[in-house]
Structures are given as structure tokens and as C-alpha cells.
Amino acid sequence: MNWLSRFNGPQTLGEGGVFWSLFVVTVIVLATVPLYAEFFIVNNLAYFLLWTFMALGLSLIWGHAGILSFGQTAFFGLAGYGYGVISINLGDAHGLTWVAFVGALILPTLLAAVVGYFMFYGGVRDVFVGIVTLSITLVMETFMAQTAGPEWAIGTARLNGFNGMSGMPPLTIPWFGDDSIMLDGNPFYWFVLALVVVVYLALRWLVNSRFGNVLVAIRENPDRAEMLGYNVRLYQLAVFTIGGTLAGISGVLYTTWGSYITPSAMGLTAAALPIVWTAAGGRKDITTTLVATVFLLWVSQTLAVKGAQYALVLMGVLLLVVVLLAPDGLVLLVVRGIGRVFRRGQPAGSNNGAL
Amino acid sequence: MLATVIGFLYQFADTFAFLILSSVGLAIIFGMMGVINLAHGEFIMCGAYVTVLTARAGLPLPLAMVLGALTAGIIGMLIEYFVIRRLYTRLFDSIVATWAISLIATQGMLIVVGPSIEGLKTPFGSFDLAGLSFSWYRILLPVIALLILGGIYWLFMKTPFGVRARATIQNPSMARALGVDTDRVYALTFGLGAALAGLTGALYAPTMTTVPTMGSAFIVQSFVTVVVGGADVLLGAAPAAAVLAFIQSVLTASYGQLIGQVGLLLTVIVVVRVLPKGISGWMLRGSN
Amino acid sequence: MKTRKAAVGIAAIAAAIVGITTPAIGADPVKIGLLEDQSGNFAIAVIPKIQATQLAVEEINAKGGILGRPIKLIHYDTQSDNTRFQEFARRLIQRDKVDVIFGAFSSASREAIRPIMDRYKQLYFYNNQYEGGVCDSNVFVTGAVPEQQFSTLIPWMMEKYGKKVYTIAADYNFGQISAEWVRNIVKEKGGTMVGEEFIPLSVSQFSQTIQNIQKAKPDVLVTLLVGANQASFYEQQASASLNIPMASSVNVGQAYEHKRFKAPALKDMYVTANYIEEIDSPASNDFKKRFHAKFPDAPYINQEAANAYNVVYLYKMAVEKAGSADMKKVRKALESGDICTDGPSGKVCIDPKSHHQSHTIYLVHVKADHSVEIPKVWNDIKPYWLGSVGCDLSKKDDTSQYTPSSPPKK
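Reading guide: rules and limits
- Residues numbered from 1 in each chain as written.
- Chains lettered and ligands numbered in written order.
- Predicted model: local features only at pLDDT ≥ 70, side-chain atom pairs only at ≥ 80, totals over all residues.
- Heavy atoms only, no water.
- pLDDT = per-residue confidence, 0-100.
- Helix = DSSP H or I, 4+ residues; strand = E, 2+ residues; numbered from the N terminus.
- Contact = heavy atoms within 4.5 Å.
- Domains from an automatic or database assignment.
- Buried area = accessible area lost by both parts, 1.4 Å probe.
- Salt bridge = Lys/Arg side-chain N within 4 Å of Asp/Glu carboxyl O.
- Polar contact = N/O pair within 3.5 Å; in protein donor to acceptor, adjacent residues only side chain to side chain.
- Core = buried A, V, L, I, M, F, W, Y, C linked by side-chain atoms within 4.5 Å.
- Buried < 20%, exposed > 50% of the residue type's maximum accessible area, 1.4 Å probe, protein only.
- Axes fitted to C-alpha atoms, helices over the stretch in contact; angles between N-to-C directions.
- Parallel < 35°, antiparallel > 145°, perpendicular 65-115°, else oblique.
- Nonpolar A, V, L, I, M, F, W, Y, C, P; charged D, E, K, R; others polar.
- Pairing = 2+ DSSP bridges.

Our focus in this paragraph is the confidence of the model for chain C. Residue and element names in this part refer to chain C. Mean pLDDT over chain C works out to 88, with 93% of the residues at or above the 70 mark. Between the elements of chain C, mean pLDDT differs from a low of 44, seen in helix 1 (residues 2–21), to a high of 95, seen in strand 4 (residues 124–126). A low-confidence stretch, residues 1–25 (pLDDT under 50), is modelled with three contacts involving residues beyond four sequence positions or located in other chains. With pTM at 0.86, the complex prediction returns an ipTM value of 0.84.

Take a look at the structure:
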């Protein structure tokens, strides 16, 4: 299990045999869902999972590096529109949608790098970062909302204003002969799931590497980190850029899932959501953020189905309870509760197992 | 020419009043306590609803407005006591808590009072000048905005409560050691911020549609003004609102509402980049 | 073991009760999916729509359902949120396997679910007034469109008040496309546009706009403002004594501003609507009576409520004509050209070419005390535009939305 040590460390919760066995079991269970569950459940699960990248990115830049970005949706939206523009112009033959996929990730990465450089090298800090990023996402929303006319087109792709851009093809894998596999339904789900696993492991490795430790040092005290000789601004820029790319992944996947992207995806309400997910997950840990995001998406959808007009009120009450009763986030509260039940009767301190 | 000048001055004063009034409650809660209050708009909505409902029940408008502000203030203190008080050591979580409160308040109002209520008529009528007609009430709003700013300055600088509040905000443990009841100061400060937000709702209630989501019309402007103002809200709010109002009214008058809105946000980005600590940070450079 | 026996007993009783109360034993229900905003920004105009749909379903079920099958209405609250529309459209199609979907208020939410309808070839009715131009094989539209509302309204206003027109419009698809219609009609009728202003949806303060209008001195002010923020314009223009006759296609009929604002904020507002509560005809009065009997607390019965009510009956007729709820057959039936219903607003028919609907258009005049008169009624106004530029869904499939400045390629 030595290679596992790269994914463990002080910056992540969950290590040891029990945790990783649980991890493998979870992945296997999730991967086999399409074999026994109805089509709708698979589709819905893919939808929940596709949002987690944005939350993971925010956990990285906010939880680990202490930068509160209120505008991750700017990168989300840019990637979505990027995918739309490129894929509508190129079409879906010969796997060209993957060119659109990659292109649509380069755009938010570049934007994040430029914005990050502009802020961190300009001495913008703390809550000011939140307002600058929020302003950027709102500017993009307001601008895109009025691009309804036919003059607002890039190539053959109409931006279509507030009503949103549609008509982009889903991702396709070229196959032998004329067949190609369209990433819709089960293949799309497996693709998203695989991407979640890869990104999750990559982030665990990243935050437990030297880079991750420096980030935490910067979060705890930027001045001290600077004194110790670390190029604080470079680290902040790097982590912010990675966060932008991750939000971009969510944006592209969302756009292909529904063949639709709209300026509202960059609005104030949308911008607050990843912050709520990340904060409810305890924000400082990759695993808890991932679990909390999927859980909250599921709860809010279930409430909307069952709760009629009370759904939003109940969602509010739930969040309030979580914040008040679970200072370290929802997931840890539950895990500790379960741990307490299991540990009953054992001598205290004998269990350093799962979490 | 005269019409243009008068028109512009009116625009500037109008935008200035809107920015000051939308941000003043937030400036106290966010600027002084660090609580990122996403329910700010809902305190405004609360003030507006109480004003409209009581005024339509027959209460004179000024009294209805005071009642709106008081109600928002009392609700604010209750929320501080039951929720915010537990979050002072982890301020970021106040984002989730206040977001939750905002969800509950908006949808709760929709369920209880319905999707909309009949509004009020703007008082005082209008006057003609240089071929244009203006609403008296909207001339009054900037004056009230300045009076409120003055009142807050007086409250925090010249009264014993202000001294205690500033002491608590600068160094809570030291203030406690010196015998200040910091819990009470926090509750009162939060309540004051909520009451001022409620007053804003009350003042704009006769000029806007009263719907449960009306608070969202204020929220962006409020955060932007407070942040551009910088850490010292007493010092920063007025110049920040003046700068932003000037730029927004010039852009709106010359290029239309879209450029006015986008321009406001772009100005924020530039100002924060040039003055990373906001306007008050820049004014106070060199000191301490 | 005792408990198991008891459970079996209860189940048997329950089955017996269900068997008795279901209208036709063994008849599967016709499943209608409804996506409407019961919460959030649009709730104000949408709640009457939901109620009207429920009323129509209840009436039809009381009379034996469709082809002897009861209707099962599955409503999800989409919370004025486009992503909810996407989630629930898929849910209705894949999990509930509904026969038809009704609903959506804002054009953005319609556009959010239209790709899903097209991907799964799902029959969908957009039962709302909008900017027009959707030419989509899987979509039927029962709301009014610009050619119905503006070709009536604008010439009438120019005739009565004068030829100088100023438009203020919400800066998005609906406002821009509607403004284009107004501009074209004004030009065609020999008038002049003395101003045109587009306003972002987030704007709630209108001092500058009011001044611009005063300087331009128009005879008619066309207000195509949308949403709660922009509705504040009316109180603000009244307090500045703007005093210019206003014309609109969206106000009063949707969010009953004349009931919500203090008079005289909407003085001399003229609106073309295909229904409002104040219409005093036998059909309308009968509809109102049934509506209020079921929903005594309903604040207002708006135009979209009538559209939502009609659509259930239109769908019933089409299914009966097709002899089945099979979506392909129902679509064929809808394209037959004789699917009409006598609703609260008069007779309405589906146009086979464009999948849109004819309307009776009422000119609504809001007076100084906010009471309402109807100086003019246009009967049977056809949705002619899409057909005239080459959209013919009965012959050629399509999934596009066209506008006067980007019509179908010939």
C-alpha cells in the first residue's frame, strides 16, 4: 500500500485500509449503477456528479489556500459557451467534439490566469477577491443576456442572449467504420464518474504534496509564508487557475448534458451555490466537499419534487441546522456520529481507523 | 444645456442615494462585524413589507416607515441571538447561514403573504424644471441618505455606545476585559444594521413593486459599495458611493442602461485593483 | 405472523377501494407532466396557470377523462430556475414517462427544456405568451405572439394618439424581438421612432430613462418591461408625472399590475391580451365562477391562466381525434387543422403549419382609477408570421427559433 501514501497526508481526511476499501467499494457500486438502476437514475446521478468539479475547485482555492472566490461561475459559464461555440462550428464528426472539450477548458484556464495575475500581483486580498470575482461573473451575465440579436454570433453559433445557447452536440467518440459513440446516458455517466475519480485522486495527491502544504501555510498566514521565502503570489495564481479549470470542467459537462447554456448560470444565485456546497462540506477537505455537494444536490432536488412550495424553506432550514450543529461540515458530523456508535464499548483512543 | 446639467445632477443624486441606502445596513454588519450577510436584501424586503402593510392599514407613512425599520431591526437581533452569535469564530459559515435565512424569508413571505401585495403611491407629487418634470420624493432620498450617514457617524464617534462598539470590533477580548458587554454590543450592532436595511426598504417601498424577491435588486450594489469603500465603513461609504454614482450616471446618460450597469461593475474591478484596500484604506494610508 | 396477515388484509381493502373509485377499471391514466414555477421570481404570474391547469384536469376527470382514461397530472415546482426545468423535464420523460408536457413561463426556461424535448421527441406545449418564432416539430404554443398583439395594438395607438413612438424594452430576447416588431409596424404605418431604449433585467431605478422619454416627447410610449425589478418603472414614471399614453403586450395580462400598483401608476396603459379577468362574456364569467369555486383565494385570473386552461382541452380533443395518446398520432391530429376549443376568451384553434394558436385579442385600457375598459376586440387573429416566412411543420421538421431579422433560410 506504499503508493497509496501519495494520496494521504495531513491535508486530507480519510486514510488507512478501511477508508480506501470503502473508496474502492463506492467506486465499484457507482460504476455498476447502470446495470441495475433505471435510466433516469443514471442520468440524474451523472447530473449531480458533474457539478462536483466546481465545488472541488472551490475547496482547493478557498479551503486550502484561503482565497474566497465568489465568481467560479464565470469560469463555468465561459467553458459552457466555449464548448457551444466551438462544437457548433466544428460539428461532431471525427471526434471533433473533443477539440471543443479541450478548447472549452483552455478558455476558463486562461481567464483564471489573467484574473489571478491581475488580483494577486496587484495586492488584492481577502474579501476584495470575492467582490472582484463576483463582479466579473455578473458582468459576463449582464453582457451575455443582451446578445439576443443575430449580430451576436461567432461563426455559425448564435449566442442567443438571455434565452441561452442551445443546439451543441454531445461528446462523441469516433469508432470503427461510420459508427461513433455518443456520450449520452450510460456512456456519459461513466465518463463523468471516471473524471470525478481521476480529479479526486489528483487533488488528494496535490494537496498532500509540498505544493499543498505551502498553500495551507499561505492560508494560515500569508505574511509568514512570504518571510519563509515562498512566492505567495505565484502559489495563489497557480491554485486559482486550477480552480478555474475545474469550474470549467463542470461548465462543459453541464452544457453537453442539457445541450444548453444560459447567462443565468453566471448570475448571483448560481454563484452562491458552489460556496454553499463547499461550506456545508466543511470546505477544508476534498472528500467531504465531494460528498456534501452530491448530497445537497440530491436533497434540494428531492425537496423540490416532494416539498412543493415549501421546498426552498426546508432547504434553508436544513442549511441553517447544518451550519449551527456541524461546525466542520455535514459529512464529518455524520461520520463522527457513526464512529461513536461503532466505538461504543471499546476503550477510548483505540480507534484511529477510518477517519 | 440647463436641462442637461440639471438632469445630470438629479441622476447623480438619485444613484448616490440608491447606493448609500442599499449599502448602509450592510456596511455596519459586513464592514464592522465581518459577517457576510447574504440576507441583507431580505431585511430590506422586510422593511418594505411592514411599511406597505401598515401604511395601507391606515398608519401615516412616516410612522409606517419607522415601524418597518424597527421590525427589521428586532428580527435582526433575534437572528443574531439564535444564529449569528454562534458563528463569530467561523465567519465564513455566516455565508451559508445568511443564505439559508434569505431562502426561508423569500419563500416564506411568498407562502404567507402571497406573490405580491398592492403597493403605495409615491408621496409629494412632482415639479417642473427646465422642461423636465421631477419627483419631489426622489429629491428627498439623497438628503435622507446624507442624514443617515451623519447619524451613523455621530453614533459611532460621539456616543458611549459607539466607543464600546468600536472597541469591541477592534479587540473583543480586550474590550471584555475592560468590562464591555460585547455580546450586547454585537447584538445591537447587528440589529442596527438590520434596522437600517429595513429603513432602506421602507424608503424605497413607495417607489417600487413589493414582491418577496425585491431584496435582490439591492444586493449587488450594496456589496459593491461597501467593498469599494474599504475596511473603515464610516469613512469609505460616502466617497465610494459618490465615485460609483458619478461613473454610473455618466455612462447611463451617454450610453444607456446596459453600459451603466456593466460600467459600474468594471469600475469596481478597477478601483479594487488600484486601491486594494478600498477607498478608506487609501485615505488612511500612512496612519498606523 | 399476525401482523403480516393484518397487512394483507389492509392491502386487500385498499385495492378494493382503489378499484371502486377509479373511473374505468384497468384504464391506465393519461399522464400529463406540468413544469411551472410555484416559487421564485415568476410565481406571481405562474400560480394562476397552475390553478387553471388543475381546474381543467379536474373538470375533465369528473366527466370521464380522455377516451375513458383518467388524467394524472404530475406537477413539479421548477422554482423559476432553468436548471430545475432541465432536471424535471428529464424526470418527466424518463421516470414518469408522461404522454405530454405542459408549462414554462419565461422564454429562457422554455429554451432550456426544448433541446431535451427534441432529443427524446417528447410532445410539449408551451402555454405562454412570448416573443414568437419557435418552429419546432415537438412543440406547440398556445400563448399569444407579437404578430397577434402588435399588429392590433400599435396601429390603434398611432391612430388615436399620434405617430411618434418611443419604446423601452427589457434587454433580452423577448424585449429585443418585440421591439423589432414595434419598429417594423411603426415604419410600415408611416410613424417615427423617436427613441428606443433597452434595459437590463436587473435595473429597478428608472430616473434616467424617464428623463430621456421627456426629452423625446413621444405620443405613445411602448413599455416592454419584464419582471419585478422593471415593474417599478410604472410607479416611478407616475411620480415624475410623465403622463404619456402607454402600450404594452406583457403588462396587466400577466402580472396584473393594475391590481398591484396604487392608482394612477398605470393610467392610460393600453394592453393587447388574449384574456384578462375583467372580460365580461358568458364564457369568461362561467370560467371565473368555476375558478373561484375551486380556488377562493386566487388573487387574479390572468391571461396565461386562460392559455393553460385551454391547452388541456386542446390536448384532450387531439387525443380523442387520434384515438390514442401516442405522441406521433396526437401530433398528426393536432396538425389536422380542426383542433379548436371554446375557452374563456372565445374560440381558439391550432395552426398546423406553425404549431401556434389563433386568439381573440382584447384591447385593455387601464383608466386613472385602475379600473379597466375594453374599447376594442379583434376576433380570430391568426399566428400568421411563421407560416408566411416558410415554417411549415406539417411538411418539414424543424427545431429552430426564428425572428424577423433572422427568418428561415429559403
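On we go from here.
What follows covers the domain arrangement of chain B. Residue and element names in this part refer to chain B. Domain boundaries assigned for chain B yield domain 1 (24–215) and domain 2 (230–288). Between domain 1 and domain 2, the contact holds eight residues from the first and five residues from the second. With both chains or domains summed, domain 1 and domain 2 bury close to 480 Å², and 90% of this area falls on carbon and sulfur atoms. Our count for the contact surface shared by domain 1 and domain 2 stands at zero salt bridges. Seen at the junction of domain 1 and domain 2, the total is zero residue pairs in polar contact (both at pLDDT 80 or more). In terms of residue count, the dominant contributor to the side of domain 1 that touches domain 2 is helix 5 (residues 136–158) (five residues).

Attention now moves to the pattern of salt bridges. One pass over the full model with this rule turns up 23 salt bridges over all chains. Here Glu 38 of chain A makes a salt bridge to Arg 95 of chain C, at a shortest N to O gap of 3.1 Å. Of this pair, Glu 38 of chain A sits in the loop between helix 2 (33–36) and helix 3 (39–64) while Arg 95 of chain C sits in helix 3 (residues 82–95), on two different chains. By sharing partners, the salt bridges in this structure join Arg 110, Glu 111, Arg 114, Glu 131 and Asp 136 of chain C into a single network.

Ranked by size, the top nonpolar core spans 192 residues in total, and within it Leu 50, Trp 51 and Leu 253 of chain A carry the most contacts. For this core, the element with the most residues is helix 3 of chain A, which contributes 16 residues. Here this core gathers at least three residues from each of two domains, domain 1 (24–215) and domain 2 (230–288) of chain B. When near neighbours in sequence (up to four residues on either side) are disregarded, Trp 51 of chain A contacts Phe 76, Ser 250, Tyr 254, Trp 277 and Leu 297 of chain A together with Thr 83 of chain C.

Here we come to the packing of helix 11 (residues 303–322) of chain C against helix 12 (residues 327–334) of chain C. Residue and element names in this part refer to chain C. Look at helix 11 against helix 12: their axes get within 8 Å of each other, and the N-to-C directions meet at 105°. Considered as vectors, helix 11 and helix 12 are oriented roughly perpendicular to each other. For the pair helix 11 and helix 12, contact is made by Leu 314, Tyr 315, Ala 318, Val 319, Lys 321 and Ala 322 and by Lys 329, Val 330, Ala 333 and Leu 334, respectively. Split by residue class, the contact of helix 11 with helix 12 holds eight nonpolar, no polar and two charged.

Let us now look at the domain arrangement of chain C. All names here are of chain C. For chain C, the domain assignment lists domain 1 (30–144 + 280–359 + 381–401) and domain 2 (147–248). Between domain 1 and domain 2, the C-alpha centre-to-centre distance is 29 Å. The partner domain 2 presents nine residues to the 15 residues of domain 1 that form the contact. Counting the surface lost from both domain 1 and domain 2, the interface buries some 1,000 Å², and carbon and sulfur atoms represent 58% of this. Sorting the residues of domain 1 by area buried against domain 2 places Glu 131, Ile 381 and Tyr 384 first, and these three jointly supply 44% of that buried surface.

All names here are of chain C. Across the sheet, seven strands lie side by side as 8-7-9-10-11-14-15; this open sheet has mixed pairing. Edge positions in the sheet fall to strand 8 (192–199) and strand 15 (372–381), since each of these pairs with one other strand and no more. Averaged over neighbouring strand pairs, the angle between their axes works out to 20° when direction is ignored. Note that strand 14 (residues 359–366) and strand 15 share six bridges and pair antiparallel. Looking at strand 15, one finds that Leu 363 is bridged to Lys 376. Relative to the sheet, helix 6 (residues 173–188) contacts strand 7 (164–170), strand 8 and strand 9 (220–224), its axis offset from that of strand 8 by approximately 180°.

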